[in-house]
Amino acid sequence: MKFDTPATTNPIDRLKVVGKPIHRIDGQLKTTGRATYAYEWHDPDLHYAYGYPVGSAIAKGRITAMDVDAAKKAPGVLAVVTTLDVGKLEKGEFNTANLFGGDEIQHYHQAIAVVVAETFEQARAAASLVKVDYIEEKGAFDLHAEKDSAKKPDEKQKPDTAIGDFDVAFRAAPVTLDQSYTTPDQSHAMMEPHASIASWDDGKLSIWSSSQMIDWWRTDLATTLGIDKDKIQLRSPYIGGGFGGKLFLRVDAVLASFGAKEAKRAVKVALPRPFIINNGTHRPATIQRIRIGTDTEGKITAIGHESWSGDQPEGQLEVAVNQTRLLYAGKNRMTAMRLAELNLPEGNAMRAPGEAPGLMALEIAIDEIAEKAGVDPIEFRIINDTQVDPEKPERPFSHRDLIGCLTVGKDRFGWSNRPDVATRRDGKWLVGMGVAAAFRDNLVVPSGARVTLDNSGKITVETDMTDIGTGSYTIIAQTAAEMMGLSVDQIDVKLGDSAFPVSAGSGGQFGANSSTSGVYAACVKLREEIAKKLGFNSQDAVFEGGAVISGNRTVPLAEAAGPDGLVGEDKMEWGDLTETHQQSTFGAHFVEVGVDIATGETRIRRMLAVCAAGRILNPITARSQVIGAMTMGAGGALSEELAVDTTRGFFVNHDLAGYEVPVHADIPAQEVIFLDETDPMSSPMKAKGVGELGLCGVSAAIANAVYNATGIRVRDYPVTLDKLLSGLPELA
């Protein structure tokens, strides 16, 4: 099925199941420990061994020799596979640095060997016996030091845009802002480690892994191993968090595959936490310069946003200017991004790549220019709203209600009680409020599914879509139930297996909308098959109450299925509606903080998110996504920062003791409001996504609240107490 015209009325619009607050159908499995994650799979016919990775002790250079004799002789060791043994391997499409193979070292903790033993402890002990000789080369590890050498990447990454004459308009503006902001390197810090189990049988490879994108992993693993894709079956039905860190093939799957082949056993590999942070991907640091000019009433006349980030050679930008191209009006505009070559571990997608760090800067800048113009920060955002793409005015937004988010949130949060800067006290706490706009593009990805009706009248949905804790099982069940006139308990959902039709996967906020659209398409096929078998007109047939109705005939689905059942399979593909209309999601974040007048300790008191993101498929799972994202934004604002050893080229705080993420006690009160809306140009579901929107702007709202409380403007994240102490009031 191809979606190339706006959706009209369809079975989803009945909203008998879709849109209802149904608890997650996999919830009981997870809370009782019966959901099987990657490292936990157990086949009684397999005798499992354990692999432990060895990582490079240098950040750049070459390996000249490896001595593994002692490791091979250690108790319980079954095999040792080194990067020199396998030689240079072809790199997968989605990997920037090599995962394994060859003598070149591109970053610290790059995998150089795997030791396989009977027990995990034996493998870990033997791994410490591997000796390596290197020729170390000088590397670049400091974005600030390399900023001036940063280059404009290829046009595929769309580094620059320009409309009007920014320089002239900025110089002429009566009110101007020119400030720089920085965001640090950040880790995904997911709960479940990268983990895989590999088993070979007659040249075919079975992989159980923690993967957000089944087909991407399977394809790149086949490339890396040099085998046919059809010889790999990859399963990932339950994932304990990913946040983008498991979008692309990671080395645990590669090491498990090589280890299993050499040991002739099924092999489990889980990356230790320091390996996850230094071998896996991370959100790259940014340096951002923002210039805004307005007239005396606060209307933007010039807006410019430049960003610098770093990555491995041939790497990718952190596209921190994306939202600035679309969020606010202004006739004269420019954006530019430059990429510095760094030899740190690979930078890549982390929840809301681009917009998350971009809004951390932009939404502080908007508050700053609003203050200079003498306009309330909410009113400033409202008067600079736009209903068209500012860079392509002929291209309207499919649906945009940023103003609704701001006005609803303003009333609900009690913005009228916002104090003047540094004027409100509550005991030892300085109290303030902050706001920020939220923006994230709405992406859609081709997505397939297979639905089977059996002779009991139940439906089984099969798709390689994944559930990373987001509720995919539940919203897919709701979609099938709505389409087929059943209840959710009559739907069996099977996910995360490469034997199933290729779906969107979980990432980029495209998973829910795209995967349910694929299920919608498959259900349309099944409905047509049922109608055809019964001699009904498929356009007139009504599916409800476990039966199909046409005119005065009512046939139970179980009877329609017959003894052999019926199958519908299809794939949702997308036309050019995303080209003719800009599709985006919007929101507003409100935060109240208290800052200790003596220590500078910042405590969040309450948070509110108002989201405009199309039809909400399930308000419970959607709310969970947003409050999780808000919590992540609190970490980004107040604590999360990978400390770079700029001499040796690695992240020093590479565990959950040193890399501090928020906990429940840090977030006392969170509220989420979803505006009641649909977007027929987005999909037949008329939905969008909220999982990344919920993060966008949160950190800036917190930073703005800290400024309102203290009068101290922090432009370099995170907003830690050392950046506040010198500016706090003198104590009596």
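Residues numbered from 1 in each chain as written. Predicted model: local features only at pLDDT ≥ 70, side-chain atom pairs only at ≥ 80, totals over all residues. Heavy atoms only, no water.

### Topic: unusual backbone geometry
Right, on to step 1. With omega at -5 degrees, the peptide bond leading from tyrosine 717 into proline 718 counts as cis.
Right, on to step 2. Structurally, the position occupied by proline 718 is in the segment after α18 (698–710).
Right, on to step 3. At lysine 158, a position not held by glycine, the phi torsion is positive, near 50 degrees.
Right, on to step 4. Tracing the chain through its elements places lysine 158 in the loop between α5 (143–146) and β8 (160–163).
Right, on to step 5. Even without being glycine, lysine 264 reaches a positive phi, approximately 55 degrees.
Right, on to step 6. Along the chain, lysine 264 turns up in the loop between α8 (251–263) and β13 (266–270).
Right, on to step 7. Residue lysine 264 is classed as exposed on the basis of its relative accessible area of 72%. (Helix = DSSP H or I, 4+ residues; strand = E, 2+ residues; numbered from the N terminus. Buried < 20%, exposed > 50% of the residue type's maximum accessible area, 1.4 Å probe, protein only.)

### Section: the nonpolar core
Right, on to step 1. In terms of nonpolar packing, the biggest core is built from 87 residues, with Leu327, Val593, Ile604 and Ile702 touching the most fellow members.
Right, on to step 2. Examining the composition of this core, we find that 11 residues originate from one element, helix α10 (residues 355–373), more than from any other.
Right, on to step 3. Those residues in contact with valine 593 that lie beyond four places of it in its chain are Leu430, Val431, Gly432, Thr602, Arg603, Ile604, Arg605, Ile702, Ala705, Val706 and Ala709. (Core = buried A, V, L, I, M, F, W, Y, C linked by side-chain atoms within 4.5 Å. Contact = heavy atoms within 4.5 Å.)

### Observations concerning the sheet that holds strand β5 (residues 104–105)
Right, on to step 1. Sheet architecture is open: 3 strands sit in the order β5-β3-β7, paired in antiparallel fashion. The open sheet has two free edges, formed respectively by β5 and β7 (131–136), since each of these has just one partner strand. (Pairing = 2+ DSSP bridges.)

### Quick look at the domain arrangement of the chain
Right, on to step 1. Its domain assignment divides the chain into domain 1 (2–35 + 444–579) and domain 2 (397–442 + 583–731).
Right, on to step 2. On a C-alpha basis, the centroid separation for the pair domain 1 and domain 2 is 35 Å.
Right, on to step 3. At the junction of the two partners, domain 1 supplies 36 residues and domain 2 supplies 27 residues.
Right, on to step 4. When domain 1 packs against domain 2, close to 2,300 Å² is buried across both sides, 57% of that on carbon and sulfur atoms.
Right, on to step 5. At the boundary of domain 1 with domain 2, the tally comes to 2 salt bridges.
Right, on to step 6. Here aspartate 13 and arginine 615 are joined by a salt bridge, their closest N and O atoms 2.9 Å apart.
Right, on to step 7. Applying the counting rule to domain 1 against domain 2 returns 17 residue pairs in polar contact (both at pLDDT 80 or more).
Right, on to step 8. For the side of domain 1 that touches domain 2, the secondary-structure elements that each account for two or more residues are α13 (472–484), α14 (511–534), β27 (566–574) and α16 (577–580).
Right, on to step 9. If one sorts the elements of the side of domain 1 that touches domain 2 by residue count, α14 sits on top with 5 residues. (Domains from an automatic or database assignment. Buried area = accessible area lost by both parts, 1.4 Å probe. Salt bridge = Lys/Arg side-chain N within 4 Å of Asp/Glu carboxyl O. Polar contact = N/O pair within 3.5 Å; in protein donor to acceptor, adjacent residues only side chain to side chain.)

### Looking at the environment of glutamine 288
Right, on to step 1. Looking at the element boundaries, glutamine 288 is found in strand β14 (residues 286–294).
Right, on to step 2. We classify glutamine 288 as buried; its relative accessible area is 1%.
Right, on to step 3. Spatially, the C-alpha atoms of glutamine 288 and tryptophan 208 are 41 Å apart, while their sequence positions differ by 80 residues.

### Focus on the pattern of salt bridges
Right, on to step 1. Applying the stated criterion across every chain, the model contains 36 salt bridges.
Right, on to step 2. Across the pair arginine 235 and aspartate 497 runs a salt bridge whose closest N-O atoms are separated by 3.8 Å. Within this pair, whereas arginine 235 is found in strand β12 (residues 232–235), its partner aspartate 497 is found in the loop between β23 (491–494) and α14, the two being separated by 262 residues in sequence. Each member of the pair arginine 235 and aspartate 497 is classed as buried.
Right, on to step 3. Across the pair glutamate 592 and arginine 424 runs a salt bridge, and its minimum N-O distance is 3.4 Å. Here arginine 424 lies in the loop between α12 (402–413) and β19 (425–426) and glutamate 592 lies in strand β28 (residues 584–596), a separation of 168 residues in the sequence.
Right, on to step 4. Taking relative accessible area as the criterion, arginine 424 reaches 30% and is therefore assigned partly exposed.

### Thoughts on the packing of α13 against α14
Right, on to step 1. Where α13 contacts α14, the axes come no closer than 9 Å and their chain directions differ by 30 degrees. One finds that α13 runs roughly parallel with respect to α14. You can see that α13 and α14 cross each other, and the crossing is right-handed. Contacts between α13 and α14 pair Ile475, Ile476, Thr479, Ala480, Met483 and Met484 from the former with Ala512, Ser515, Thr516, Val519, Tyr520, Cys523, Val524, Leu526, Arg527 and Ile530 from the latter.
Right, on to step 2. A class-by-class count of the residues in the contact of α13 with α14 yields 12 nonpolar, 3 polar and 1 charged. (Axes fitted to C-alpha atoms, helices over the stretch in contact; angles between N-to-C directions. Parallel < 35°, antiparallel > 145°, perpendicular 65-115°, else oblique. Left-handed = near helix turned anticlockwise from the far one by under 90°. Nonpolar A, V, L, I, M, F, W, Y, C, P; charged D, E, K, R; others polar.)

### Digging into the packing of α10 against α18
Right, on to step 1. Running from N to C, α10 and α18 cross one another at 40 degrees; their axes reach a closest spacing of 8 Å. Here α10 is positioned oblique relative to α18, judged by the angle of their axes. For the element pair α10 and α18, the recorded crossing hand is right-handed. Across the interface between the two elements, Leu359, Met360, Glu363, Ile364, Asp367 and Glu371 from α10 touch Ser699, Ala700, Ala703, Asn704 and Tyr707 from α18.

### Details of the sheet that holds strand β6 (residues 111–117)
Right, on to step 1. Here we have 7 strands laid out as an open sheet, ordered β4-β6-β2-β13-β10-β11-β12, and mixed in their pairing. In the strand order of this sheet, the two ends are held by β4 (77–82) and β12, each with one partner. Pairs of neighbouring strands in the sheet enclose a mean axial angle of 20 degrees, with direction left out of account.
Right, on to step 2. The sheet strands contacting helix α4 (residues 120–127) are β2 (48–55), β4 and β6, and the helix crosses β2 at an angle near 25 degrees.

### Let's talk about the packing of aromatic side chains
Right, on to step 1. Inspection of every chain in the model, using the stated rule, returns 15 aromatic pairs.
Right, on to step 2. Ring centres of phenylalanine 100 and phenylalanine 258 lie 5.8 Å apart, and the angle between their planes is 55 degrees; on these two criteria the pair is classed as tilted. Note that phenylalanine 100 is positioned in the loop between α3 (83–86) and β5 and phenylalanine 258 in helix α8, a separation of 158 residues in sequence.
Right, on to step 3. Taking the relative accessible area as the measure of exposure, phenylalanine 100 reaches 3% and is therefore buried.
Right, on to step 4. With 6.0 Å between their ring centres and 75 degrees between their planes, tryptophan 415 and phenylalanine 590 make a pair best called edge-to-face. Residue tryptophan 415 is located in the loop between α12 and β19, and its partner phenylalanine 590 is located in strand β28; the two are separated by 175 residues in the primary sequence. (Phe/Tyr/Trp six-rings, centres within 6.5 Å; stacked < 30°, edge-to-face > 60°.)

### Considering the side chain of asparagine 98
Right, on to step 1. Mapped onto the secondary structure, asparagine 98 falls in the loop between α3 and β5.
Right, on to step 2. Under the relative-accessibility criterion, asparagine 98 is labelled buried at 12%.
Right, on to step 3. Those residues in contact with asparagine 98 that lie beyond four places of it in its chain are Lys88, Lys91, Glu104, Gln106 and Gln110.

### Considerations on α8
Right, on to step 1. Between its first and last C-alpha, α8 extends 18 Å over 13 residues, near the 18 Å set by a 1.5 Å rise per residue.
Right, on to step 2. In terms of burial, α8 is largely enclosed, as 11 of its 13 residues are buried.
Right, on to step 3. Turning to α8, its buried residues number three or more, namely Val251, Asp252, Ala253, Val254, Leu255, Ala256, Ser257, Phe258, Gly259, Ala260 and Ala263.
Right, on to step 4. Lysine 264 lies just past α8 and shows a positive phi near 55 degrees. (Expected span 1.5 Å × (residues − 1).)

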